[in-house]
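# Analysis of the macromolecular model
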Amino acid sequence: MMSGSSPPPPSLPAGSGSFFFRGYTKLCKGLAVILLLVHLVVQLFPSAVTYLALIPGRTIPFAWNLITAGYVEQTIPGVIVSIIGLLLFGKLLEPLWGSKELSKFIFIVNFSTSACVFITAIVLYYITQQEIYLYTPLSGFYGVLSGLLVGIKQLLPDQELNLFVLKVKAKWIPSLVAVISVFVRFFVKDLMSYLPVVLFGIYMSWIYLRYFQKRLETGLKGDPSEEFTFSSFFPEVLRPVLDPIASIFHRLLCGRSERSDARGQTLDTSPLPGSDSIEANRRRERGQRALEQRLAEKLAAVRSSEGTSLDAADKV
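Here the structure is a predicted model, which means the values were calculated and not measured. (Residues numbered from 1 in each chain as written. Predicted model: local features only at pLDDT ≥ 70, side-chain atom pairs only at ≥ 80, totals over all residues. Heavy atoms only, no water.)

The next point concerns the overall build of the protein chain. Per the secondary structure count, the protein chain includes 11 helices and 2 strands. Helices and strands in the protein chain line up, N terminus first, as α-α-α-α-α-α-α-β-β-α-α-α-α. Buried residues in the protein chain amount to 42% of all 316 residues. Sequence-distant contacts, at least 24 apart, represent 70% of the contacts inside the protein chain between residues at least 6 apart. (Helix = DSSP H or I, 4+ residues; strand = E, 2+ residues; numbered from the N terminus. Buried < 20%, exposed > 50% of the residue type's maximum accessible area, 1.4 Å probe, protein only. Contact = heavy atoms within 4.5 Å.)

Right, here's the structure in full:
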């Protein structure tokens, strides 16, 4: 939870619909163009899917598929969702992380997600002996989109997002996406290939943010706060069961020494009392201030444009 002195999440002003159509970063616009161009290529030249999508039985020697598969959207709805999601999520995260860190995050999540999907497909083939796991083209940007949602959960967990008629806090969006993906998979078999991409995208992005992302303010890696544990993706009733399991992977990933910060905290030792909560609050307050600043800039732009229109009307 945010500290008591933090202001409540800002709401968008009335008549500021242009907020959703402005402020997209150059990096995200460039990646959106890439997604669109790759989609057009696979539509015009269907055989390109063989070389760009992830086909586990052909990944060796086509190892570049582990990188290119994430940027291949084979359907029109898929490319539309990916572009819109990238632009909106990137607009929130890039001002807080910077272009370099966002680029690094997208690359790592995309590659690690593809690698996990590849390994899973090979294991399923050896278990079932069904060649469908080897030769079904797997692709899509949904792994990265899921990872960006995890980044929003980390930085703006209490920010409410409007989902149709519901208002959901950002910290629950990745979990909601995972549940919906699993549920839909039982009714729409054509979407089965998207399920591992989404689930691995959420998990691998959490691992990176939890243990490896460098924190500029302290020089340490990762986010050790209690609010960003693996069990935080699940309802509280399940956490006593999940925490012991998650602690095993925590020891595997944090079984090495990390240099201490100014407060004497390391990732593989017990933190100072309250230091995790303080760090989490700092992250949220920084994200909150950045969001408020962007909203203020958008509101000022809207008011300026409205004022210009009124002046022009008066002159007429």
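A few words now on the UniProt feature "transmembrane region" (unreviewed entry) in the protein chain. Following the UniProt record, one finds the feature "transmembrane region" (unreviewed entry) at residues 31-55, 75-93, 105-126, 132-152, 172-188 and 194-212. When the span residues 31-55 is considered, its composition is 76% helix and 0% strand, and the gap between its end C-alpha atoms is 23 Å. Taken end to end, residues 172-188 comprises 76% helix and 0% strand; its first and last C-alpha atoms sit 24 Å apart. (UniProt positions renumbered as here; feature names shortened; annotations may be inferred.)

Another point: helix α4 (residues 76-97). Taking 1.5 Å per residue as the helical rise, α4 with its 22 residues ought to reach 32 Å, and the 30 Å between its terminal C-alpha atoms agrees with that figure. Along α4, the sharpest change in direction is near 40 degrees and occurs at G90. Among the residues of α4, the N-terminal cap falls to T75, whose side-chain oxygen and the backbone nitrogen of G78 are separated by 3.1 Å. Where α4 terminates, the next one or two residues include G98, which has phi positive at roughly 95 degrees. (Expected span 1.5 Å × (residues − 1). Bend = angle between axes of the 7 residues up to and from the residue. Polar contact = N/O pair within 3.5 Å; in protein donor to acceptor, adjacent residues only side chain to side chain.)

Take the packing of helix α8 (residues 173-185) against helix α9 (residues 194-212) next. Each packed pair of helices is defined by two parameters, the angle between the axes and the distance between the axes. Two numbers describe how α8 lies on α9: the axes approach to 10 Å, and their chain directions differ by 160 degrees. Relative to α9, the element α8 lies roughly antiparallel. The two elements α8 and α9 meet at a crossing, and its hand is left-handed. For the pair α8 and α9, contact is made by P174, V177, A178, S181, V182 and R185 and by L195, V198, L199 and I202, respectively. Considering only residue class, the contact of α8 with α9 consists of 8 nonpolar, 1 polar and 1 charged. (Axes fitted to C-alpha atoms, helices over the stretch in contact; angles between N-to-C directions. Parallel < 35°, antiparallel > 145°, perpendicular 65-115°, else oblique. Left-handed = near helix turned anticlockwise from the far one by under 90°. Nonpolar A, V, L, I, M, F, W, Y, C, P; charged D, E, K, R; others polar.)

What follows concerns the packing of helix α5 (residues 99-128) against α9. Two elements in contact, α5 and α9, have axes whose closest approach is 8 Å; the angle formed by their N-to-C orientations is 130 degrees. Considering their axes alone, α5 and α9 lie oblique with respect to each other. Pair α5 / α9 crosses with right-handed handedness. The segment α5 lies against α9, with E101, K104, F105, I108, V109, S112, T113, C116, V117 and T120 engaging P196, V197, F200, G201, M204, S205, Y208 and L209. Residues of the contact of α5 with α9, tallied by class, amount to 11 nonpolar, 5 polar and 2 charged.

Put simply, I60 and P61 share a cis peptide bond, and its omega is 20 degrees. In this fold, P61 is placed in the loop between α2 (48-52) and α3 (65-68). Of note, the phi angle at Q129 is positive, near 60 degrees, even though the residue is not glycine. Here Q129 shows up in the loop between α5 and α6 (132-135).

Right, let's talk about the environment of G140 for a bit. Along the chain, G140 turns up in the loop between α6 and α7 (142-155). Residues G140 and T68, spaced 72 residues apart in sequence, show a C-alpha to C-alpha distance of 9.4 Å. Beyond its immediate stretch of four places on either side in the chain, G140 contacts A69, G70, V72, E73 and V197.

This next bit is on the packing of aromatic side chains. Enumeration over the complete set of coordinates arrives at 15 aromatic pairs. For the ring pair Y71 and F141, a centre distance of 5.8 Å and an interplane angle of 40 degrees mean the geometry is tilted. Of the two residues, Y71 is situated in the loop between α3 and α4 and F141 in the loop between α6 and α7; the sequence distance between them amounts to 70 residues. Accessibility assignment for this pair places Y71 and F141 in one class, buried. Taken together, Y203, W206, Y211, F228, F230, F233 and F234 form an aromatic cluster joined through their ring pairs. Against the face of F233 rests K153, its NZ or CZ located 4.6 Å from the ring centre. (Phe/Tyr/Trp six-rings, centres within 6.5 Å; stacked < 30°, edge-to-face > 60°. Lys NZ or Arg CZ within 6 Å of the ring centre and 35° of its normal.)

With that settled, the discussion passes to the nonpolar core. Judged by nonpolar contacts, the single largest core of 50 residues is most densely connected at L86 and L148. Mapped by element, the contributors of at least two residues to this core are α1 (26-44), α4, α5, α7, α8 and α9. A total of 10 residues in this core trace back to one element, the largest contributor, which is α9. Counting residues in hydrophobic clusters, the runner-up holds 6 residues, among them V42, A48, V49 and A53. (Core = buried A, V, L, I, M, F, W, Y, C linked by side-chain atoms within 4.5 Å.)

With 30 residues, α5 should cover 44 Å at 1.5 Å per step; its first-to-last C-alpha distance of 43 Å lies within 8% of that length. Q129 occupies a position one or two residues after α5 and carries a positive phi of about 60 degrees.

Assignment of secondary structure puts P196 in helix α9. Relative accessible area serves as the criterion here: at 24%, P196 is assigned to the partly exposed category. Once the C-alpha coordinates of P196 and T120 are considered, the two residues, 76 residues apart in sequence, prove to be 8.6 Å apart. Those residues within four positions of P196 in sequence are excluded, and the remaining contacts are V117 and G201.

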